[in-house]
Amino acid sequence: MYVKVYEYHIMPDKLEEYFRIQEKVSHIYRKYIDSKTTYLQCNDDSTKWLEITTYKSEQDYQINIDLINEQAEIQILFNEFQALLIPENSHIKEEAFTKVAVIK
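Before going into details, it helps to say that this report is about the structure given with it. (Residues numbered from 1 in each chain as written. Predicted model: local features only at pLDDT ≥ 70, side-chain atom pairs only at ≥ 80, totals over all residues. Heavy atoms only, no water.)

## Some thoughts on the packing of helix α1 (residues 15-32) against helix α2 (residues 58-69)
In step 1: Across the interface, α1 lies against α2 with an axial gap of 9 Å and an inter-helix angle of 130°. In terms of their interaxial angle, α1 and α2 are classed as oblique. Crossing handedness for the pair α1 and α2: right-handed. Between α1 and α2, the residues in contact are I28, Y29 and Y32 and N64, I65, L67 and I68, respectively.
In step 2: Considering only residue class, the contact of α1 with α2 consists of six nonpolar, one polar and no charged. (Axes fitted to C-alpha atoms, helices over the stretch in contact; angles between N-to-C directions. Helix = DSSP H or I, 4+ residues; strand = E, 2+ residues; numbered from the N terminus. Parallel < 35°, antiparallel > 145°, perpendicular 65-115°, else oblique. Left-handed = near helix turned anticlockwise from the far one by under 90°. Contact = heavy atoms within 4.5 Å. Nonpolar A, V, L, I, M, F, W, Y, C, P; charged D, E, K, R; others polar.)

Right under this line is the structure:
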């Protein structure tokens, strides 16, 4: 499995809007690609979030992400999302991983 991880800081008073945007984004993604997203809020810094999305494969992701990014609505939602970031910490950290194993 291919995994994308994003780290960013959301203004505390914007969480309702944040989840509204993420719900709309998920709806668009589901039209093009099979994915599952988990959202984690840091216990030590409530503004810090991790967004972890898994995909069937990197190839599947690469083929479909361009189609997703061509959607006008996704661009609008991304701009709305960026407006929720803490101004002094507006960087979005993005990393890619390969899921190797699950141990229970």
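## Some points on the packing of aromatic side chains
In step 1: Using the criterion set out here, one finds 12 aromatic pairs in the structure.
In step 2: Pairing Y55 with Y61 gives two aromatic rings, centres 4.8 Å apart and planes at 55°, and the pair type is tilted. The burial state of Y55 is the same as that of Y61; both residues are buried. (Phe/Tyr/Trp six-rings, centres within 6.5 Å; stacked < 30°, edge-to-face > 60°. Buried < 20%, exposed > 50% of the residue type's maximum accessible area, 1.4 Å probe, protein only.)

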